[in-house]
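Residue strings, one per chain:
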Amino acid sequence: MLKRVEFSGDHLDVLRELMNIAVGNATASIADLLQAFGTMHIPKIAISDIKGLKQYMHETIPNESSHYVTKQLFGGPLGGEFIFVITDEVAINLGNHLYDVEAPNDADIYDAVIELTNILSATMISRLTEELNIKVQFFLPSTEIISGNDLIYLEETAEYSQIIIISTQMEFQNQNINGHIFILAKDAMIQSLKDLIDQKLEELYA
Amino acid sequence: MKKPVDYPNILLDALEHGIMIVDEAFNVMYWNQWLEINTGHDYSNMVGKSLLTFYPEIDYRTLQRKIRTTLRLNSPTFYDASLTNRFIPISRNKISSSLLSTMQLQVTISPYIIDQGMVMIAVYDISDLHELKLTLQKQMEKIAHLNSELQHDKQIIDDNLLIVKTDGDFHIIEVSKAFNTFFGFEKNELEDCELQLICSDKIPVSEYAQMKNTLQNGQRWSGEIEIISKNGQAIWVDAVVTPWSNNSGSLSSYTAIYHDITDKKRLELLATTDLLTKLSNRYKFDEIFDIMLMREHWKTDDTFAIVMADIDHFKQINDIYGHPRGDEVLVKIAKVLSQTLQTGDVIARWGGEEFIFLLSHVSASKAIHVAEKLRMAVEQLRLFVDVRLSFGVSLFVEGDTHATLLNRADTALYKAKKNGRNRVEIV
């Protein structure tokens, strides 16, 4: 049994602040790179187990539509999984916007979804890790279409005892693009994140 | 232009994937050996020239956006590798099983020298993996199609065939929708019930045991049985029961498929029943009689007997009271005779006012005793007129035929009439 990592109020405040900066960074990058101007919600932070994560996703993602779910891993002193979820309707809007075609084909849509995920993950995670004075490596993202909101397969995640969930929502009204973002880190990486925040706190109050 | 020989170049040439360095205007700054070999374009041909010259078909707007993203974010960007290859086409030489004529590439665009607008594009051949994925997808589609057909067929079977599945102990585990509808049961109502419970008690226990025995020996059983519906109605069905073995070879379940034969049974009944008395008719009796004659194990004290009975002075009843009252007498007598007879013995209307019986597993004395019982039962009957019956008994002995046995019974009956009626004689 792994020891649970406890986050103090200070830890959560710092993380929330860092994520606010990361989200702002992401919004600016999307505006610059994809010519889409919009907003991103203040991130929510929760520490849960895998069942809690499943439940959280059920509550956050509507069950009615099919979703393009893109997952990208990042590794290094802070590792985890970045998940970007958009409905199939939004994915078509995105393909439409990036490829400038009336009816984007499947390849256009997949590539557009990967591209937006890439920008979101790179800006948000990079900004977070930059603030924590570390470097991370990004891995190839992959997209799958999932019907409903069952995004977590419990049997595949049984070894995770503790998960940190950072979630936010992006909205680009002119392009009809909106989606949910989840950043997940598990077990040892949560301890690593806590240590990095401790260092940050020391820096701030030194 | 000769490729500079230094360690980074040697390293890049040694890689098992393609590496190129391009700027934002798509000018090639580096082209490693893997690309030279697989694209057929030399380093010297490519360097200093635009990718556009060699690969005009690429979506350069997308590529430019990806390069720009890489440079701005100082972070790698990727092409989606799950559908079709969207970067440079590189022909593939796999002949034996290839679904792909060009390589499926995984493309990563990484920042190289940002202030000079240069990125490194790494291309990995993931064709085998992609091919496997496509094959798997095709197989999955086939399976999905077969599964859908199977579901459709299963639905048709469930809706239309009367099927009951039991476990190895003959407890019902599954019942088709058609069965429940036909016999008036609710869904799951019969689950866990013993199969015998839905069968009519008219089926002898021995026959049910014989069916079980056949199935437990791994053989299929078929036959006609009566099933009792929810509202108590007995319905004849033709049954085929098949045993199923599990992987270890032991019998695990039985599947019974039933077919309603009510109409067949009704016709059969009409053809073999006397309409007035509801007793078996002469045709049915002869059929049973012939089966009994075919058995070879009869002994003197364990044989079968034919008993013929005739209502004494029946013509007078008809003449005095009329035929309808005469028919009434026939019906009442038929009823009392049937009730007096033991299970397993047979009674039929032989014609007119004559009845015939087949008594099995009897001796001469037993046969006479049964005939006496029948005679007395009629004698005690209280009707609008007193009726009596005369009986003639014949016992099967080796060498007897249908005709000889009947003749003797007839002779015995004649004797009974001659000797004063309302009596039993044996010949």
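Preceding this section is the structure that the text describes.
All of these numbers come straight from a predicted model, not from anything done at the bench.

Calculation criteria
- Residues numbered from 1 in each chain as written.
- Chains lettered and ligands numbered in written order.
- Predicted model: local features only at pLDDT ≥ 70, side-chain atom pairs only at ≥ 80, totals over all residues.
- Helix = DSSP H or I, 4+ residues; strand = E, 2+ residues; numbered from the N terminus.
- Buried ≥ 20, exposed ≤ 12 C-beta atoms within 10 Å, placed from the backbone.
- Core = buried A, V, L, I, M, F, W, Y, C linked by C-beta atoms within 7 Å.
- Contact = placed C-beta atoms within 7 Å.
- Arc of directions from axis to C-beta.
- Nonpolar A, V, L, I, M, F, W, Y, C, P; charged D, E, K, R; others polar.
- Axes fitted to C-alpha atoms, helices over the stretch in contact; angles between N-to-C directions.
- Parallel < 35°, antiparallel > 145°, perpendicular 65-115°, else oblique.
- Pairing = 2+ DSSP bridges.

1. Digging into the overall build of chain A
Step number 1: A count of helical and extended segments in chain A gives 5 helices and 8 strands.
Step number 2: Across chain A, helices and strands are ordered from the amino to the carboxyl terminus as α-β-β-α-β-β-α-α-β-β-β-β-α.
Step number 3: For chain A, with 206 residues in total, the buried portion stands at 44%.

2. Observations concerning the nonpolar core
Step number 1: Membership of the largest hydrophobic core comes to 88 residues, with the highest contact counts inside it found for Ile86(A), Leu94(A), Val113(A), Ile164(A), Leu184(A), Leu193(A) and Val107(B).
Step number 2: It is helix α4 (residues 106-131) of chain A that provides the largest number of residues to this core, a total of 12 residues.
Step number 3: Other than its neighbours up to four places away in sequence, Val107(B) contacts Phe78(B), Tyr79(B), Phe87(B), Ile121(B) and Val123(B).
Step number 4: If you look at the next biggest cluster of nonpolar residues, it comprises 42 residues, including Ile333(B), Trp350(B), Phe355(B) and Ile426(B).

3. As for helix α2 (residues 50-60) of chain A
Because each turn of an α-helix spans 3.6 residues, side chains separated by three or four positions end up pointing in the same direction.
All names here are of chain A.
Step number 1: The complete set of buried residues in α2 reads Ile50, Leu53 and Met57. When α2 is viewed along its axis, its buried side chains cluster within an angular range of 50 degrees and face the same direction. Facing away from the buried side of α2 by over 90 degrees, the exposed positions are Lys51 and Glu59.
Step number 2: In this fold, the buried residues of α2 make contact with β2 (44-48) and β7 (163-172).

4. What about the interface of chain A and chain B?
Step number 1: With 19 residues of chain A at the interface, the matching set in chain B holds 19 residues.
Step number 2: Going through the elements one at a time, α1 (9-34), α4 and β6 (142-147) of chain A are the ones with two or more residues in the side of chain A that touches chain B.
Step number 3: Across the side of chain A that touches chain B, the residue classes break down as 9 nonpolar, 6 polar and 4 charged.

5. Side note on the environment of Arg423(B)
Residues and elements named next belong to chain B.
Step number 1: Looking at where arginine 423 falls in the secondary structure, it is placed in the loop between α14 (402-418) and β15 (424-426).
Step number 2: Sequence-wise, arginine 423 and alanine 371 are 52 residues apart; in three dimensions their C-alpha atoms are separated by 9.0 Å.
Step number 3: Once residues lying within four places of it in the same chain are set aside, the contact partners of arginine 423 are Ser390 and Ala416.

6. Some remarks on the packing of helix α3 (residues 88-99) of chain A against α4(A)
Residues and elements named next belong to chain A.
Step number 1: Put simply, α3 and α4 touch, their axes get as near as 8 Å, and they point 85 degrees apart. As judged from the angle between their axes, α3 and α4 are roughly perpendicular. For the pair formed by α3 and α4, the contact residues are Ala91, Ile92, Leu94, Gly95, Leu98 and Tyr99 on the first element and Asp108, Ile109, Ala112, Val113, Glu115 and Leu116 on the second.

7. Some details on the sheet that holds strand β6 (residues 162-167) of chain B
Residue and element names in this part refer to chain B.
Step number 1: Sheet architecture is open: 5 strands sit in the order β7-β6-β10-β9-β8, paired in antiparallel fashion. A strand with exactly one partner marks an edge of an open sheet, and here the two such strands are β7 (172-175) and β8 (221-228). On average, each strand axis in the sheet is inclined to that of its neighbour by 30 degrees, with strand direction left out of account.
Step number 2: Here 8 bridges tie β8 to strand β9 (residues 234-245), and the two strands are oriented antiparallel to one another. Within β9, the residue paired with glutamate 226 across the bridge is tryptophan 236.
Step number 3: Lying on the sheet, helix α8 (residues 205-216) is in contact with β8, β9 and β10 (251-260); it crosses β8 at an angle near 135 degrees.

8. Considering the pairing of strand β12 (residues 346-351) of chain B
Side chains on a regular strand alternate between the two faces of the sheet.
Residue and element names in this part refer to chain B.
Step number 1: In this structure, β12 lies alongside strand β13 (residues 354-362), joined through 5 bridges in antiparallel fashion. Looking at the pairing, valine 346 lines up with leucine 358 of β13.
Step number 2: Where β12 folds back onto β13 in an antiparallel hairpin, the turn is made up of 2 residues, including glycine 352, whose phi is positive at roughly 55 degrees.

9. Describing unusual backbone geometry
Residue and element names in this part refer to chain A.
Step number 1: Unusually for a residue other than glycine, glutamine 35 sits at a positive phi of about 50 degrees.
Step number 2: Inspection of the secondary structure assignment puts glutamine 35 in the loop between α1 and β1 (39-40).
Step number 3: Unlike most non-glycine residues, asparagine 133 shows phi in positive territory, near 60 degrees.
Step number 4: Structurally, the position occupied by asparagine 133 is in the loop between α4 and β5 (137-138).

10. What to know about the sheet that holds strand β1 (residues 18-23) of chain B
Residues and elements named next belong to chain B.
Step number 1: Pairing is antiparallel across the open sheet formed by 5 strands, whose spatial order is β2-β1-β5-β4-β3. In the strand order of this sheet, the two ends are held by β2 (28-31) and β3 (77-78), each with one partner.
Step number 2: Pairing geometry for β1 and β2, over 3 bridges, is antiparallel. Bridge pairing in β2 places methionine 20 opposite tryptophan 31.
Step number 3: In the packing of helix α5 (residues 60-73) onto the sheet, the strands contacted are β3, β4 (105-113) and β5 (118-125), and the crossing angle to β4 comes to about 45 degrees.

11. Digging into the environment of Asp13(B)
Step number 1: Along the chain, the position of Asp13(B) falls in helix α1 (residues 7-14).
Step number 2: Beyond its immediate chain neighbours, meaning those up to four positions away, Asp13(B) contacts Asn32(B) and Gln33(B).

12. Describing the environment of Ile67(B)
Step number 1: If you trace the backbone, Ile67(B) turns up in helix α5.
Step number 2: Here the alpha-carbon distance between Ile67(B) and Gly117(B), two residues 50 residues apart in the chain, equals 8.5 Å.

13. With respect to the pairing of strand β4 (residues 80-87) of chain A
Residue and element names in this part refer to chain A.
Step number 1: Burial of β4 is extensive: 6 of the 8 residues sit out of reach of the surface.
Step number 2: Across 8 bridges, the pairing between strand β3 (residues 66-75) and β4 is antiparallel. Along β4, the bridge assignment pairs tyrosine 68 with isoleucine 86.
Step number 3: Between β3 and β4, which pair antiparallel in sequence order, lie 4 residues; one of them, glycine 76, sits at a positive phi of approximately 135 degrees.

14. Regarding the packing of α1(A) against helix α5 (residues 187-205) of chain A
Residues and elements named next belong to chain A.
Step number 1: The contact between α1 and α5 brings their axes to 10 Å, and the two run at 85 degrees. Judged by the inter-axis angle, α1 sits roughly perpendicular to α5. Contacts from Asp10, His11, Val14 and Leu15 in α1 reach Lys194, Ile197, Lys200 and Leu201 in α5.
Step number 2: Looking at the contact of α1 with α5, its residues break down into 4 nonpolar, 1 polar and 3 charged.

Shape is all these values report; function is a separate question.
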